[in-house]
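Structure at a glance
Residues per chain are reported as follows:
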There are 2 protein chains.
Amino acid sequence: MTAYADLKAHYDTIYRLEHLQSIATWDRMVNMPSGSAKARAEAQGEFEALIQKMQMDPALETLLRAAHDAELAPEEAANLALMSRQRLVASAVPEALLRRRAEAISAAYQAWVKAKGQNDWAAFAKTLKPLLVCVRERAERLGDALGLSPYDALLDEYDRGLTLKDVQALFAPVVEWLPEMIDAVIAKQAEETFIRPVGPFSIDAQKKVGIAAMTIFGFDFDRGRLDVSQHPFSGGTSEDLRITTRYREDQFLPSLLGIIHETGHARYQGGLPMPWRGQPIGVACSTSMHEGQSLSFEKQLALTPAFARLLSPLLVEAFGSQAAFEPDNLLMLMTRVNRGKIRVDADEVTYPAHVLLRSEIEPALIAGDVGVDDIPAWWDERMARLLDVDTRGDHGGGALQDVHWCQGMFGYFPSYLMGAMIAAQLKAAYKVATPDHESRAMAGDLSGYPNWLQDNVWLAGAQFSTGDLVARITGKPLSSSALKAHFEERYL
Amino acid sequence: MTAYADLKAHYDTIYRLEHLQSIATWDRMVNMPSGSAKARAEAQGEFEALIQKMQMDPALETLLRAAHDAELAPEEAANLALMSRQRLVASAVPEALLRRRAEAISAAYQAWVKAKGQNDWAAFAKTLKPLLVCVRERAERLGDALGLSPYDALLDEYDRGLTLKDVQALFAPVVEWLPEMIDAVIAKQAEETFIRPVGPFSIDAQKKVGIAAMTIFGFDFDRGRLDVSQHPFSGGTSEDLRITTRYREDQFLPSLLGIIHETGHARYQGGLPMPWRGQPIGVACSTSMHEGQSLSFEKQLALTPAFARLLSPLLVEAFGSQAAFEPDNLLMLMTRVNRGKIRVDADEVTYPAHVLLRSEIEPALIAGDVGVDDIPAWWDERMARLLDVDTRGDHGGGALQDVHWCQGMFGYFPSYLMGAMIAAQLKAAYKVATPDHESRAMAGDLSGYPNWLQDNVWLAGAQFSTGDLVARITGKPLSSSALKAHFEERYL
């Protein structure tokens, strides 16, 4: 075999092995009895160490050098470049630091669970500070290896090549137009009358509706499942897609829309290019592109008259006839806009405010410009300004609401808003490219947009950066313009 | 670290990793969508190769030699001896032969599924012949390494130290007393009248009864689960026990007794000695001892007046009141004896006949004294003689009924009957050791026997061979006497 073929085979091996880790993670969230947590953590930790050892195998260094001298097809060369880059990143951080960081995460996570219940910022702050030291040190090491600033090195982990400058350029206009937009939408919706559906909505019936919706959105149950977990997610592997939801008997919409959101993630994962499975070039482009797909399904496709029409008879069949299930009323129910403290409960119009705040404070925390003790005051001030919401004294509705930081995830939040921008910009491009999109959708066929995403986004794998891929597909650099236009069209 | 400590750590690592394989196997049987089968097979195959590589790590050879010269506690020395033995076995068979065998198994399994549906022995025989060549060759290699005959080497895989001579000595008396016993029991039962329960029995309600029964038999749901699969099994790991069943709405007893059977396997697995988890000395003693535990639960504990008393109100609660649910009637229902062609459907009295037949033909097949083409005629003759059942022309009810041979499993069948003997002999010893066993059981406390098994069998791990362990506990060598006495007491 050539050196490149050896490298490719090595990645294929790791991919096949990681299948088991993915299923074990899914099982942990969905099935595992609590008493098995310790053994499972040990098993998964051992496996992770093993995979890391395979990724750091010194033999790869020799192969990488040999492969660089070989003649390769352009895609192979791109794949090789990504392999070298991964190697660079993996060897940038000493093992001792990774262990310290893992311990700090464990302590911070446990403190967070407790502090959230007791509304005690100070208790959590004590564990976030040492974690932040580890996060910063790791970011510096990564940045040194890649020639990036520390925060850019963190952004880069989720979105190759993305910089704070990019994020700021993307988000600055949103800070300008968002507050007014929210005011206008809420004022307009105050005039509207709609009917609330009457529960309870049995979980069995909700599950049937969810599965029917997944089928409408092209989920292939021959290589995937829907289950229940406390925190909904899309997991498994490209060949065995596992999405989850949680149900409440008093409402069905949050679960249903969550299912459609995860269906978007799963279809992207399942639609990645088959010949490149397991290779660095064959994975998803970025977390923002992933979010762009889930929001394409949940927001761009589901919150429409076309889907409301398809959903209406499903609800009648599941829960019996109600006036609230008329398509026009359903659409109003699905597009309510309200100010609130909690990011994950927010509608698509107020959601950006939650991301803007976090995206602003994160780089300041990493740079040390804002201290951990200052976060709550900082949070209150921004929430009041951006969203006119008072979070003072309520840390659970403030800076203690997200799990990200206590898991060491800094640089992730921007992808939520970038995802919304991507979804809006992709949908707009799809509409231009597909003159009959509206008539097809209204006739009950929602497959046009997913098929177009498959051809343009999913099959591209990780060949391009987020910005490059969006520009290639839409002919324009990524911006918030399409998102603004989308809000105006749908809500004003 | 000392060489022995290094070896122990190596086994601990493999044990932790195999946790993931166990969960993936369980998931494959319980959850996996069919379209994911190929990717899962590749993932699990890759993982198996990785574990094999770890087991064959040349560094172990050096460590084993060094450890042999060290001073070790007796249990450590026993553990080390088992490690050496595993190494010997693992290195006895060349990889090329294992690959050929795996391919022959795959072909035979596929042919078996088809041939069973078409009652076509000849079609299956074509694939069993080359598989048998591989099985023989492997048995010879193992035998050479261990100083055993080929068939003894196969028996040894399931039951360390067991020989054909042992099996023949154990089973010869049963061939003598069984046919008459079956006649007598069936004649006696022909006089009895009992009431059949009336279905349908909803699956939800059956599941509730199953879980209640598992609780009675001490299953810890904090580290285990009950699920559904096409072929019931006990899987997972000692720390996360996963048992399965399958339900039919027209009957509840086969599923319920199956659940109790798997609960026995699971409790043994979960009760293995904690300090030795993952070490060769810490696993189950043998497949026959495993079967001895499952049959202790299913036959020795469940088919009793004491359990019938506990079950009765559970059934009334689940399915409503029926005269059939009276304890005396339930006991009659659970202990019906009937001749039949199918081993897995057989009651405990006729079951030994199915095993005797298979245990007689297997060594003859391995030795080449019986050819594959002769199996059906051989089968028909033995079934007529041992059980008075006519299997002529019905291969699905004959030699095509079991999956074992087409999976390359020769030497496994004896463990089913040895398990029944073990269960009877252990139960008899428990009764002697526990004068108040009957009154405690009739008062609703069935925990006595499992606790005794825990102390005597489960905590011994794999320290002793099956025969040695039974003799240590019961004071007598293993024989069929207790089983015969048990049948006489329960059925005559």
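Predicted model, so just to flag it, every value in this text is computed and none were measured. (Residues numbered from 1 in each chain as written. Chains lettered and ligands numbered in written order. Predicted model: local features only at pLDDT ≥ 70, side-chain atom pairs only at ≥ 80, totals over all residues. Heavy atoms only, no water.)

This part covers the interface of chain A and chain B. Taken together, the contact pairs 33 residues of chain A with 33 residues of chain B. On the chain A side of the interface with chain B, the three residues burying the most area are Arg 16, Leu 20 and Glu 46 of chain A, jointly 21% of the side's total. There are 16 residue pairs in polar contact (both at pLDDT 80 or more) connecting chain A and chain B. Contributing elements (two or more residues each) for the side of chain A that touches chain B: helix H1 (3-30), helix H2 (37-55), strand E1 (224-228) and strand E3 (240-245) of chain A. No other element matches the ten residues that H1 of chain A contributes to the side of chain A that touches chain B. Class assignment for the residues of the side of chain A that touches chain B results in 13 nonpolar, nine polar and eleven charged. (Contact = heavy atoms within 4.5 Å. Buried area = accessible area lost by both parts, 1.4 Å probe. Polar contact = N/O pair within 3.5 Å; in protein donor to acceptor, adjacent residues only side chain to side chain. Helix = DSSP H or I, 4+ residues; strand = E, 2+ residues; numbered from the N terminus. Nonpolar A, V, L, I, M, F, W, Y, C, P; charged D, E, K, R; others polar.)

For the rest of this paragraph, the subject is the relation of the copies chain A and chain B. After a rotation of 180 degrees and a shift along the axis of 0.0 Å, chain A superposes on chain B with an RMSD of 0.0 Å. Between the two chains, the operation in question is that of a two-fold axis. Within chain A, Leu 20 of chain A has its C-alpha nearest the rotation axis, a separation of 3.1 Å. By residue overlap, the copies meet face to face through one surface: 100% of the interface positions of chain A are interface positions in chain B. (Least-squares fit on C-alpha atoms with pLDDT ≥ 70 in both.)

This next bit is on the pairing of E3 of chain A. All names here are of chain A. Burial analysis of E3 places six of its six residues in the buried class, the great majority of the element. Burial along E3 is two-sided: Asp 240, Arg 242 and Thr 244 and Leu 241, Ile 243 and Thr 245, pointing in opposite directions, are all buried. Relative to E3, strand E2 (residues 234-237) runs antiparallel, the two sharing four bridges. By the bridge assignment for E3, Gly 235 is matched with Arg 242. (Buried < 20%, exposed > 50% of the residue type's maximum accessible area, 1.4 Å probe, protein only. Pairing = 2+ DSSP bridges.)

Summarising the element assignment, Ala 102 of chain B is placed in helix H5 (residues 95-118). Put simply, Ala 102 of chain B and Gly 408 of chain B are 306 residues apart on the chain and 8.6 Å apart in space, counted from C-alpha to C-alpha.

This part is about the sheet that holds E2 of chain A. Residues and elements named next belong to chain A. Ordered by their spatial adjacency, three strands build an open sheet running E1-E3-E2, and the pairing between neighbours is mixed. The open sheet terminates on both sides in strands that have one partner only, identified here as E1 and E2. Along the sheet, successive strands turn relative to each other by an average axial angle of 20 degrees, direction set aside. Here E1 pairs with E3 via five bridges, running parallel. Its bridge partner being in E3, Val 228 is matched across the sheet by Thr 245. (Axes fitted to C-alpha atoms, helices over the stretch in contact; angles between N-to-C directions.)

What follows deals with the domain arrangement of chain A. Residues and elements named next belong to chain A. Each assigned domain of chain A is listed here: domain 1 (1-92) and domain 2 (160-218 + 256-492). Looking at the side of domain 1 facing domain 2, the largest losses of area belong to Tyr 15, Glu 75 and Leu 82, adding up to 48% of the total buried there. Seen at the junction of domain 1 and domain 2, the total is zero salt bridges. Linking domain 1 to domain 2 there are five residue pairs in polar contact (both at pLDDT 80 or more). Mapped onto the side of domain 1 that touches domain 2, the elements with two or more residues apiece are H1 and helix H4 (74-92). Sort the elements by how many residues they give to the side of domain 1 that touches domain 2 and H4 lands first, with eight residues. Classifying every residue of the side of domain 1 that touches domain 2 gives six nonpolar, two polar and five charged. (Domains from an automatic or database assignment. Salt bridge = Lys/Arg side-chain N within 4 Å of Asp/Glu carboxyl O.)

In this section: the environment of Leu 60 of chain A. All names here are of chain A. Residue position: Leu 60 is located in helix H3 (residues 58-68). We classify Leu 60 as buried; its relative accessible area is 6%. Note: C-alpha distance between Leu 60 and Met 83 (23 residues apart in sequence) is 9.6 Å. For Leu 60, the contacting residues outside a window of four places in its chain are Leu 7, His 10, Met 54, Gln 55 and Arg 87.

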